[in-house]
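# Results of the structural survey
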Amino acid sequence: MRLAELSERSGVPTATIKYYLREGLLPPGERVTATQAEYGEEHVRRLGLVRALIQVGRVPVATAKEVLRAIEDASLPHDARLGIAVESLPPPRGSAVDPEVLEAAGGRVAELRNELGWDHVTTSVGQEMLVTAVATLMQLGYPCSAEHLMPYARLAGELAAHDMDLVEGFETPTTQLEAAVALTVLYEPVLLGLRRMAHAEEATRRYGKGVGTRS
């Protein structure tokens, strides 16, 4: 397909596609003349990933390049490529926390990981996010012991297995990696939305109609 059709298929304006091409976020098409190139389904798929990263996930262009570079690095094992790609996604901003509280929170997270048997990954963006979140809870006096966190952790483990099942439904290692990154960005708002909906439903069930609804 030509650039105009690629734009129509992907929903991305031609000017934006040209910008992605210049920045190396999208591989070049197959040159057919000095001024025209043809594009394939891989370009449509890659544009979907780039849009998920930049437009939905608010990932900076430089970071998006790192993610895509990891996806394309066939010299690395599949799990390493997946880890690098997902870890390159920036975490949400954390709040300022006292260093001593942060250290104590790290101990609680270590205790939780020990109970779960999660010993494959020793450092990750996810762990940093969790430690900061637990530290904030501790600092504000809300419950966040390993016992309190365990139900969330077990559900997260089930979700991770489900995510990997979805990813393995894609045919090639590269498309699996692209899907893993896109789903990480796109499904986190789904989880948050479902959690808030479930809270409203549970509150109504427990305390009566009208809770969690807007007039």
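Right above here is the structure, for reference.
Residues numbered from 1 in each chain as written. Predicted model: local features only at pLDDT ≥ 70, side-chain atom pairs only at ≥ 80, totals over all residues. Heavy atoms only, no water.

## Quick look at a nonpolar patch on the surface
Together, V56, L166, L186, Y187, V190, L194 and M197 line one region of the surface with nonpolar side chains, adding up to about 610 Å² of accessible area. With five residues, helix α9 (residues 173–207) is the largest single contributor of residues to the nonpolar patch. The topology assignment puts Y187 in helix α9. Accessibility expressed as a relative area gives 39% for Y187, which makes it partly exposed. (Patch = residues over 30% accessible without salt bridge, like charges linked within 9 Å, V, L, I, M, F, W, Y side chains within 5 Å. Areas by Shrake-Rupley, 256 points an atom, 1.4 Å probe, with all protein chains shown as cover. Salt bridge = Lys/Arg side-chain N within 4 Å of Asp/Glu carboxyl O. Helix = DSSP H or I, 4+ residues; strand = E, 2+ residues; numbered from the N terminus. Buried < 20%, exposed > 50% of the residue type's maximum accessible area, 1.4 Å probe, protein only.)

## Overview of the side chain of R81
Along the chain, R81 turns up in helix α5 (residues 78–87). One buried charged side chain, R81, makes no salt bridge at all; its nearest oppositely charged neighbour is D73, positioned 6.3 Å away. Side-chain polar atoms of R81 contact the backbone oxygen of D73, separated by 3.2 Å. In this structure R81 touches A70, I71, E72, D73, A74, L76, P173, T174 and L177, once residues within four positions along its chain are discounted. (Lys, Arg positive; Asp, Glu negative; His and termini not counted. Polar contact = N/O pair within 3.5 Å; in protein donor to acceptor, adjacent residues only side chain to side chain. Contact = heavy atoms within 4.5 Å.)

## As for the packing of aromatic side chains
As enumerated under the stated definition, the model contains one aromatic pair in all. Look at Y19 and Y20: their rings are 6.0 Å apart centre to centre, the planes differ by 50°, and that puts the pair in the tilted class. Since its relative accessible area comes to 4%, Y20 is described here as buried. (Phe/Tyr/Trp six-rings, centres within 6.5 Å; stacked < 30°, edge-to-face > 60°.)

## A short note on the pattern of salt bridges
Scanning the model with the defined rule gives eight salt bridges in all. As a salt-bridge pair, E178 and R46 come within 3.1 Å of each other at their nearest N and O atoms. Placement of E178 in helix α9 and of R46 in helix α3 (residues 41–56) is noted, with a sequence separation of 132 residues between them. Accessibility assignment for this pair places E178 and R46 in one class, buried. Among the ionic pairs, R205 bridges to E202, the shortest N-O distance being 2.4 Å. Of this pair, R205 and E202 both sit in helix α9, three residues apart, which is roughly one turn of the helix.

## A closer look at α3
Taking 1.5 Å of rise per residue, 16 residues should cover 22 Å, and α3 covers 21 Å from first to last C-alpha, within 8% of that figure. Restricting attention to buried positions, one finds in α3 the residues H43, V44, R46, L47, L49, V50, A52, L53 and I54. Elements in contact with the buried residues of α3: α1 (3–10), α2 (14–23), α4 (61–72) and α9. Downstream of α3 by one or two residues, R58 has phi in the positive range, about 55°. (Expected span 1.5 Å × (residues − 1).)

## A short note on the packing of helix α6 (residues 99–116) against helix α7 (residues 125–140)
One can describe the packing of α6 onto α7 by two numbers: an axis separation of 8 Å at closest approach and a directional angle of 120°. Classed by the angle they form, the pair α6 and α7 counts as oblique. As for the relative orientation of α6 and α7, their crossing is right-handed in sense. Mapping the contact onto sequence places V101, L102, A104, A105, G106, R108, V109, L112 and R113 in α6 and Q127, L130, V131, T132, V134, A135, M138 and Q139 in α7. Here the residues of the contact of α6 with α7 are counted per class, giving eleven nonpolar, four polar and two charged. (Axes fitted to C-alpha atoms, helices over the stretch in contact; angles between N-to-C directions. Parallel < 35°, antiparallel > 145°, perpendicular 65-115°, else oblique. Left-handed = near helix turned anticlockwise from the far one by under 90°. Nonpolar A, V, L, I, M, F, W, Y, C, P; charged D, E, K, R; others polar.)

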